[in-house]
Amino acid sequence: MTTIKQFLCSAAVAGLVAGTSTVAGAHVGMSKVTTDWMLAAEHVLLIGLDGVNLSKVLEYAYGDDSGFKTAMDQGVTGTATVINHTTLSGPSWSTILTGVWDDKHGVFNNLFRPEVYSQWPSVFNLIEYHKPEIETTIISNWEYLNQLADAGNYPVDNNIFVSAGDSPADSDGQVTALTIAQILGTADNPDDISSFLFSYQSQADHAGHEFAGGSEEYMQAIINLGTNLQQILAAIAQVQAITGDDWSILITTDHGHQQTVTLPGLSIGHGFQSPNETSSFVIFDQAGKDATDGTQNLNFSIADMTPTILSLLGVPLRSDFDGVSLTDDPTVLNSHVTPVNLEQALLSALAMYGYPNMGNEIELGFRTVVGSIPYFLDKFVTQIDQFLQGIADQDIFLISGLAECAQVINGFFGGLTVDVTNTLAHGVAYLLGSGVIAPTDAPLPLPPGSAEFTPSVDALLDSGDLFDATALVG
Ligand SMILES: [Zn+2]
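Remember, it's a predicted structure, so these values are computed and weren't measured experimentally. (Residues numbered from 1 in each chain as written. Predicted model: local features only at pLDDT ≥ 70, side-chain atom pairs only at ≥ 80, totals over all residues. Heavy atoms only, no water.)

K.L.:
Quick question: what am I supposed to make of the overall build of the chain here?
P.N.:
Counting secondary structure elements, the chain contains 23 helices and 9 strands. Counting the 474 residues in the chain, one finds 54% classified as buried. Considering only residue pairs separated by 6 or more positions, the chain has 75% of its internal contacts joining residues 24 or more positions apart. Put simply, the chain shows about 18,700 Å² of open surface, and 57% of that area lies on carbon and sulfur atoms. (Helix = DSSP H or I, 4+ residues; strand = E, 2+ residues; numbered from the N terminus. Buried < 20%, exposed > 50% of the residue type's maximum accessible area, 1.4 Å probe, protein only. Contact = heavy atoms within 4.5 Å. Areas by Shrake-Rupley, 256 points an atom, 1.4 Å probe, with all protein chains shown as cover.)

Next comes the structure, spelled out in structure tokens:
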């Protein structure tokens, strides 16, 4: 639904982005009615679905009862790829939530390092610094993301962590219920407070790791996610009918999944560069924009999420983003197509994704193998060697040999703490191109009275403190 009230608000926000107006200036001397127009709320919902293969969505959840289909019918869908970047959750969600790739943010595994988000502020930080009046919320059942939203000096307003529950599906059901409650809560919004909500579900990734992307369990997870999405979209329609405010919705995933399991209960799942692992997607429904509903864009990227969210909320973009705003970037707008059959068009786009060049594939594979050692050391101490043996046994060209090499490294690491091992792995990742590009924008200013940041690991690397350790494994 698009109202005049909403249209005027969008125009005002566009003016703010262009630097032609200010919020304070816009209010001076205006009538009550005009003020209401200017203060109409903007709501942006980012739905994160971990480890979802779009090919499986189209196969199992492209019926009218699925929220995937509803979302695609209401917005623009694009296949996307994370090729040439580490296909692990920590690196990819960091890209989604900072707007830069891993050669900048330097996240190479799933062990949370808060200093990353001081250098590369998250979408939460950027909103809370520039427009603290916007209500920001995260609802997630992966603690890493709740930690990310709390990192930096301008953390999220509402940080809601959902526990594992009886099952991943049960936990995602709780995320869905809380997300719906948060959406419906905006019906009671007398001050027209704008909001950004990030809602994250993970059952597809759990099913992929335990049973593989080609399993019936993965199929069921995709169907469940479609049901959850449908309920969330219905809640948005319900609240729109009350307030007249339109919502912008972004739906994306961080990586896909391999189709077969390597070891029972311990699938590698993802982390390497096969098309099933690197394929992603973005569904974007922009508030007030209905003309392109049900169509396709050939140039969406997961790095575009943060710039898009910021521009929708009238927050200035960083100059060192890798992503762009899907609302106004000319390259993106020129990549819009209206296929005869969206499902077929998306499958065709997916089929065009291949492997990166061999050098990148080897480097990224080794980064994943070494980065996984401290992660598994943290999670399942006894399973590291099993994990590496699984890769070695899989006979992946060159990567399997690297896994055998990593088993030797793992033996060397034996007895060291997770922190020390992760620092060593970080050194290796850095040598392989992770986090090598520094920000060109200044860091967000420290709030008055706050303590100095601790030096980043990158600073330690620059100082040469890590040289001896990384040389041992080089
Ligand atoms: Zn993931």
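K.L.:
In this structure, what is going on with the pattern of salt bridges? I would like to understand it.
P.N.:
Opposite charge on two side chains permits pairing when their charged atoms draw close. On inspection of all chains with the given rule, the structure shows 7 salt bridges. The closest approach of N and O atoms between K69 and D64, which form a salt bridge, is 3.6 Å. Residue class for K69 comes out buried when judged on its relative accessible area of 15%. What makes D64 exposed here is its relative accessible area of 64%. (Salt bridge = Lys/Arg side-chain N within 4 Å of Asp/Glu carboxyl O.)

K.L.:
Explain unusual backbone geometry to me, please; I cannot follow it from the model alone.
P.N.:
Non-glycine residue D192 carries a positive phi angle of around 50°. With respect to the helices and strands, D192 occurs in the loop between α11 (168-185) and β5 (195-201). Look at A212: it is not a glycine, yet its phi comes out positive at around 85°.

K.L.:
How should I be thinking about the sheet that holds strand β2 (residues 76-81) in this particular structure?
P.N.:
Pairing within the open sheet is mixed, and its 9 strands lie in the order β4-β3-β5-β1-β6-β7-β2-β8-β9. The sheet terminates laterally at β4 (158-161) and β9 (336-337), the two strands that pair on one side only. Of the strand pairs in this sheet, β2 and strand β7 (residues 279-285) are connected by 6 bridges, and their pairing is antiparallel. Among the inter-strand pairings, T79 is bridged to a residue of β7, identified as F281. (Pairing = 2+ DSSP bridges.)

K.L.:
When you look at the side chain of S89 in this model, what are you seeing that I'm missing?
P.N.:
Relative to the helices and strands, S89 is located in helix α6 (residues 89-98). Among the polar contacts made by the side chain of S89, one reaches the side chain of D254 at a distance of 3.1 Å. Apart from the residues lying within four places of it in its own chain, the contact partners of S89 are D50, S94, N110, W142, D254, H255 and H270. (Polar contact = N/O pair within 3.5 Å; in protein donor to acceptor, adjacent residues only side chain to side chain.)

K.L.:
Before we go on, may I ask you to explain the packing of α6 against helix α10 (residues 143-150) in this structure?
P.N.:
Any two packed helices are characterised by how steeply their axes cross, that is the angle between the axes, and by the distance between the axes. Two elements in contact, α6 and α10, have axes whose closest approach is 11 Å; the angle formed by their N-to-C orientations is 35°. Here the hand of the crossing between α6 and α10 comes out right-handed. Of α10, the residues touching α6 (which contributes G90, W93, S94 and L97) are Y144, L145 and L148. A class-by-class count of the residues in the contact of α6 with α10 yields 5 nonpolar, 2 polar and no charged. (Axes fitted to C-alpha atoms, helices over the stretch in contact; angles between N-to-C directions. Left-handed = near helix turned anticlockwise from the far one by under 90°. Nonpolar A, V, L, I, M, F, W, Y, C, P; charged D, E, K, R; others polar.)

K.L.:
What am I meant to see in the coordination of the zinc ion here?
P.N.:
Expected angles at a metal are 109.5 degrees for tetrahedral coordination by four donors and either 90 or 180 degrees for octahedral coordination by six donors. Coordination sphere of the zinc ion, protein contribution only: D50 (OD), D50 (OD), S89 (OG), D254 (OD) and H255 (NE2), at 1.9 to 2.8 Å. Mapping the donors of the zinc ion onto the primary sequence yields the spacing D-x38-S-x164-D-H. Taken together, the positions of D50 in the loop between β1 (43-49) and α4 (54-60) and H255 in the loop between β6 (247-252) and α14 (275-278) put the pair 205 residues apart, joining distant regions of the chain. Under the relative-accessibility criterion, D50 is labelled buried at 0%. (Donors = N, O, S within 2.8 Å, 3.2 Å for Na, K, Ca; no water.)

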